[in-house]
Amino acid sequence: MKEKAEKVKIQNIIDMAVSFSAMGRVFEKGSTEKIKTKLENCIEEFLNSSTKEEYHEKHKEFCEWFTGNIKTAERKKDGKIIKKSQYASWGQATKVIDIVLKVCVYYCNLPSAEVSSKIIHWLNGAIDTPILEDFKKRYDSPIISQTSTIEDIDKVKYEELQKMIRIDIEKSFNGEIFPVQYDDIKWRELNR
């Protein structure tokens, strides 16, 4: 019974986290369930990672799966297609997994407080359009000038943006917070 309760707990956390990322409406019908199933099947691997490198390899594998299996929803206006469906971008994949892992590790201390205190150092900050716009105002960077939305983010841009988050943490927060805390602070600051 404890095992079943723990499994349902993880499923509920994943449901909340996927909803919290506000990405469901961006993807084709049925995608949210595919994403949740994939997360339920691989979340333990993230939570049981023994090294930063192993954790980041799992992150990359998830994003590769996502960008090869999840498509954006077709957008219409006045009955006309204004944007065709296409495979999700790396930025869209990372927003989902970064939010899910933030909720699991940072908010819920999974798999335990001891393990989450180790893993939290490895988590990336979730990137959204307001963070990109804030960076555009404050930094002169070709990566930022070429990136308007998370849909524009590929793997290389994502890694550069994560470096920028860490630089901004050093500059603006004296290096005293983690990237997941940075994205919480920035989300509140930029979305209010």
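Up top you'll find the structure we're talking about.
Residues numbered from 1 in each chain as written. Predicted model: local features only at pLDDT ≥ 70, side-chain atom pairs only at ≥ 80, totals over all residues. Heavy atoms only, no water.

Colleague: Tell me about the overall build of the protein, and please be specific about residues and values.
Modeller: Broken down by element type, the protein carries nine helices and two strands. Mapped in sequence order, the helices and strands of the protein form the string α-α-α-β-β-α-α-α-α-α-α. Taking 16 Å as the expected radius of gyration for a compact globule of 192 residues, we find that the protein reaches 17 Å, a close match to that expectation. Counting only C-alpha atoms, the protein reaches 50 × 45 × 30 Å along its principal axes. Within the protein, the proportion of its 192 residues that are buried is 44%. Once local pairs closer than 6 in sequence are excluded, the contacts in the protein between residues at least 24 apart make up 64%. When the accessible area of the protein is evaluated, it comes to approximately 10,600 Å², of which 50% is carbon and sulfur surface. Across the protein, the centroid of the 33 positively charged side chains sits 5 Å from that of the 32 negatively charged ones. (Helix = DSSP H or I, 4+ residues; strand = E, 2+ residues; numbered from the N terminus. Rg over C-alpha atoms; globule rule 2.2 N^0.38 Å. Buried < 20%, exposed > 50% of the residue type's maximum accessible area, 1.4 Å probe, protein only. Contact = heavy atoms within 4.5 Å. Areas by Shrake-Rupley, 256 points an atom, 1.4 Å probe, with all protein chains shown as cover. Lys, Arg positive; Asp, Glu negative; His and termini not counted. Charge placed at Lys NZ, Arg CZ, Asp CG, Glu CD.)

Colleague: Can you explain the nonpolar core? Please cite residues and give values.
Modeller: In terms of nonpolar packing, the biggest core is built from 54 residues, with Phe27, Phe66, Val100, Phe135 and Leu161 touching the most fellow members. When contributions to this core are tallied by element, the ones reaching two or more residues are α1 (2–20), α2 (31–47), α3 (52–69), α4 (90–107), α6 (129–138), α7 (142–145), α8 (155–173) and α9 (179–190). The leading source of residues in this core is α4, at 10 residues. Val100 has contacts with Ile14, Ala17, Val18, Leu39 and Ile43, leaving out every residue within four places of it along the chain. (Core = buried A, V, L, I, M, F, W, Y, C linked by side-chain atoms within 4.5 Å.)

Colleague: How would you summarise α3 if you had to cite specific residues and measurements?
Modeller: In a regular helix each residue adds 1.5 Å, so 18 residues correspond to 26 Å; α3 covers 26 Å between its end C-alpha atoms and thus fits that length. Within α3, the full set of buried residues consists of Tyr55, Lys58, His59, Phe62, Cys63, Trp65 and Phe66. Looking straight down α3, one finds that the buried residues subtend no more than 160 degrees of arc, so they occupy a single side. Where α3 is buried, its residues touch α2, α4, α5 (113–119) and α8. (Expected span 1.5 Å × (residues − 1). Arc of directions from axis to C-beta.)

Colleague: Hey, could you go over the state of the cysteines for me, with residue numbers and the actual values?
Modeller: Using the criterion set out here, one finds zero disulfides in the structure. The cysteine Cys108 is free of any disulfide, with Cys104 supplying the nearest cysteine sulfur at 6.4 Å. (Disulfide = S-S within 2.5 Å.)

Colleague: Quick rundown of the pattern of salt bridges? Include the residues and the values.
Modeller: A complete count under the given rule lists 14 salt bridges for this structure. Where Asp183 meets Lys102, a salt bridge forms, and the shortest distance between an N and an O atom there is 2.6 Å. Taken together, the positions of Asp183 in helix α9 and Lys102 in helix α4 put the pair 81 residues apart, joining distant regions of the chain. Here Asp183 matches Lys102 in class, with each residue buried. Residue Lys155 pairs with Glu159 through a salt bridge whose shortest N-O separation is 2.7 Å. Taken together, the residues span about one helical turn, with Lys155 and Glu159 both in helix α8 at a distance of four residues. A relative accessible area of 32% means that Lys155 is categorised as partly exposed. For Glu159, a relative accessible area of 40% gives the class partly exposed. (Salt bridge = Lys/Arg side-chain N within 4 Å of Asp/Glu carboxyl O.)

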